Amino acid sequence: RKFKHCVEVRGLAMEDLGASEENTFVVDEVRQIIQESVESVLGSAAYINNKVNQWTSSIVEQCLNQLTKLGKPFKYIVTSVIMQKNGAGLHTASSCFWDSATDGSC
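What you are looking at is a predicted structure, and each value in this text was computed from that prediction instead of being measured.

(A) Fine view of the side chain of S80. Assignment of secondary structure puts S80 in strand β2 (residues 74-84). Beyond its immediate chain neighbours, meaning those up to four positions away, S80 contacts C6, V7, T56, I59 and V60.

(B) Structural view of the sheet that holds β2. Read from one edge to the other, the open sheet built from three strands follows the order β2-β1-β3, with strand pairing classed as antiparallel. Two strands lie at the open edges of the sheet, namely β2 and β3 (104-105), each paired on one side alone. Summarising the sheet, strand β1 (residues 3-13) and β3 pair through two bridges and their orientation is antiparallel. Each residue of the ladder has a partner; that of R10, found in β3, is S105.

(C) Just empty space enclosed by the protein, in detail. Following the criterion strictly, the structure yields one cavity of 30 Å³ or more and no others. If you add up the space inside the largest cavity, you get close to 30 Å³. Lining the largest cavity we find T24, F25, V26, E29, V30, L70, K72, F74 and Y76. Looking at the lining of the largest cavity, the elements that each hand over two or more residues are α1 (27-42) and β2.

(D) Representation of the packing of aromatic side chains within the structure. For the structure on display, the rule yields two aromatic pairs. Seen from their ring centres, F25 and F74 are 6.0 Å apart, and the 85° between their planes marks the pair as edge-to-face. Pair noted here: F25 is in the loop between β1 and α1 and F74 is in strand β2, with a separation of 49 residues, a long-range link. On the basis of an interplanar angle of 45° and a centroid distance of 6.0 Å, the ring pair of F74 and Y76 is categorised as tilted. Through a chain of ring-to-ring contacts, the aromatic side chains of F25, F74 and Y76 assemble into a single cluster.

(E) A look at α1. End to end, α1 covers 22 Å across 16 residues, agreeing with the expected 22 Å (1.5 Å per residue, within 8%). Buried within α1 we find V30, I33, I34, S37, V38, V41 and L42. Burial along α1 is one-sided: seen end-on, the buried residues are contained in an arc of 130°. Exposed side of α1, more than 90 degrees from the buried face: D28, Q35 and S40 are the residues found there. Buried positions along α1 lie against β1, α2 (52-69) and β2.

Calculation criteria
Residues numbered from 1 in each chain as written. Predicted model: local features only at pLDDT ≥ 70, side-chain atom pairs only at ≥ 80, totals over all residues. Heavy atoms only, no water. Helix = DSSP H or I, 4+ residues; strand = E, 2+ residues; numbered from the N terminus. Contact = heavy atoms within 4.5 Å. Pairing = 2+ DSSP bridges. 1 Å grid on protein atoms, 1.4 Å probe; cavity = no way out; pocket = protein on both sides within 12 Å on 5 of 7 lines; lining within 4 Å. Points joined across faces, edges and corners; volume = space filled by probe spheres on them. Phe/Tyr/Trp six-rings, centres within 6.5 Å; stacked < 30°, edge-to-face > 60°. Expected span 1.5 Å × (residues − 1). Buried < 20%, exposed > 50% of the residue type's maximum accessible area, 1.4 Å probe, protein only. Arc of directions from axis to C-beta.

As structure tokens, this is what we get:
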């Protein structure tokens, strides 16, 4: 590929639910959703500048749709970045506050 992509998902519990299995953020499950969404949208595409907005929106939308289908009591934050591989740098920053027993990030 002539570009890099990064997708991050954060799940924040909507209320204090305790740490039961059905109410926890399952990283492997979320990673699978991310991988399938990225492959579905990008496949083996080459970098095309005027398609990046469409691609990132589609990846985020597909991830959110699949995450919602899990039926877990979370608010999800999905971030997608696609950039051309040309040696340029990318600087980002984010901050979150959550309960590590019930919330998660992938």
